[in-house]
Amino acid sequence: MRFLLTEEQRAFARSLDALLTAADTPSVIRSWSAGDPTAGRALWSRIAEAGVFALAVPEAYEGVGPLPVEIVVAFVELGRHAVPGPLAETVLAAALLSGQPEPAGRLLPQLASGKALATVGAPYALDADTADLVLALRDGQVWRAPGARDTRPSLDPARRLSTPLPGGELLSPVIPPDAVLWARLATAAQALGVGLALLDRTVAHVGRRIQFGVPTGSFQAVKHRLADARIALEFARPLLFGAALSMTPADVAAAKVAACEAAYATARTALQLHGAIGYTAEYDLSLWLTKARALRSAWGGPARCRAVVLGARG
């Protein structure tokens, strides 16, 4: 299969890239990590105005979706700029609520417009201390939790995990069986974007770093590591878009494994080729390094997703 994005889809990606470049996301991430969501919420509103969250919301609830290919296009750019916040969880929230007319009519327009920020706990909720809507998945049902507790840090400082409080409002008596596919697809797209950003930054770094009178990027061993990273990322890309077309559990799981493992391998290469500076929190590279590791286990780690793929073939 030969898959090419349309000119409209490519223009959408370019517009998001321009928006996020102008937003200076490293400073937004650091403020978010420090517990100040002001800049992050402002950026969230601009992303919503660009139509990103409306892609996951049906037209009946003031969205334009669900459009899985366009979601992948958008989330690759969000990952490329390491945008903080419960991004995949907002897509999942739309999938969880779309089949329930009353709560969907009440809540989904707010998600599409960016007026409300949603997260989902299963069992832990990402950034629940900042979210307006905390959904809890328990006993096969979807609940609106009254809040969350026991907030704990993640490996990625921009990701905080909490436990949704018991009780609240029952929004759906069942959890749609394919809802998690949307979270995995969005997470995989984010991971691909993170990996691409890490590769670009590393290529630029080894082109500037001089050893023995020449750029380190001219060394054959360095070229091999970067080539391996590029190949892994480019192999993940068609799996990701193929999964967006089929939306089958096995295809989405395979895309999640491929994209997240490629991003994680690229992060390891980036860290090695940057040297000691790559370990420092003050250096922007760390914002992408930690996110690559966190996304790898979000909404189904490698072992779980591989089991889905093998189960489909068995």
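Whatever comes next refers back to the structure up there.
Residues numbered from 1 in each chain as written. Predicted model: local features only at pLDDT ≥ 70, side-chain atom pairs only at ≥ 80, totals over all residues. Heavy atoms only, no water.

Draft legend 1. Fine view of the packing of helix α4 (residues 68–80) against helix α7 (residues 179–208). Here α4 crosses α7 at 40 degrees, and the two axes come no closer than 7 Å. It follows that α4 is oblique to α7 by the angle criterion. When the axes of α4 and α7 are compared, the crossing they make is right-handed. In this structure, α4 contributes P68, I71, V72, F75, V76, G79 and R80 to the contact, and α7 contributes W182, L185, A186, A189, Q190, L192, G193, V194, L196, A197 and D200. (Axes fitted to C-alpha atoms, helices over the stretch in contact; angles between N-to-C directions. Helix = DSSP H or I, 4+ residues; strand = E, 2+ residues; numbered from the N terminus. Parallel < 35°, antiparallel > 145°, perpendicular 65-115°, else oblique. Left-handed = near helix turned anticlockwise from the far one by under 90°. Contact = heavy atoms within 4.5 Å.)

Draft legend 2. Examining the environment of A18 more closely. If you trace the backbone, A18 turns up in helix α1 (residues 7–22). A relative accessible area of 48% places A18 in the partly exposed class. Sequence-wise, A18 and E77 are 59 residues apart; in three dimensions their C-alpha atoms are separated by 9.9 Å. (Buried < 20%, exposed > 50% of the residue type's maximum accessible area, 1.4 Å probe, protein only.)

Draft legend 3. View of the layout of surface pockets. If you add up the space inside the largest pocket, you get close to 560 Å³. Every residue lining the largest pocket is counted, 27 residues in all, and those nearest its centre are A122, Y124, S297, A298 and W299. For the lining of the largest pocket, the secondary structure elements donating two or more residues are α5 (87–97), β2 (125–126), α7 and α10 (285–297). Classifying every residue of the lining of the largest pocket by side-chain character gives 19 nonpolar, 4 polar and 4 charged. Volume-wise, the second largest pocket comes out at about 360 Å³. L155, G278, S286, L289 and T290 are, among the 19 residues lining the second largest pocket, the residues nearest its centre. Elements with a contribution of two residues or more to the lining of the second largest pocket: α2 (25–33), α9 (249–274) and α10. Per-element tally for the lining of the second largest pocket: the top contributor is α10, with 5 residues. Within the lining of the second largest pocket, the residues separate by chemical class into 11 nonpolar, 4 polar and 4 charged. (1 Å grid on protein atoms, 1.4 Å probe; cavity = no way out; pocket = protein on both sides within 12 Å on 5 of 7 lines; lining within 4 Å. Points joined across faces, edges and corners; volume = space filled by probe spheres on them. Nonpolar A, V, L, I, M, F, W, Y, C, P; charged D, E, K, R; others polar.)

Draft legend 4. Region of interest: unusual backbone geometry. The linkage connecting G65 with the following residue, P66, adopts the cis geometry, with an omega of 5 degrees. Mapped onto the secondary structure, P66 falls in the loop between α3 (38–49) and α4. Residue P123 is bonded to the preceding A122 through a cis peptide linkage, with omega at 0 degrees. Of note in this structure, E62 is not a glycine but carries a positive phi near 70 degrees. Look at F212: it is not a glycine, yet its phi comes out positive at around 55 degrees. Along the chain, F212 falls in the loop between β8 (210–211) and β9 (214–215). On the accessibility criterion, F212 (80% relative accessible area) is exposed.

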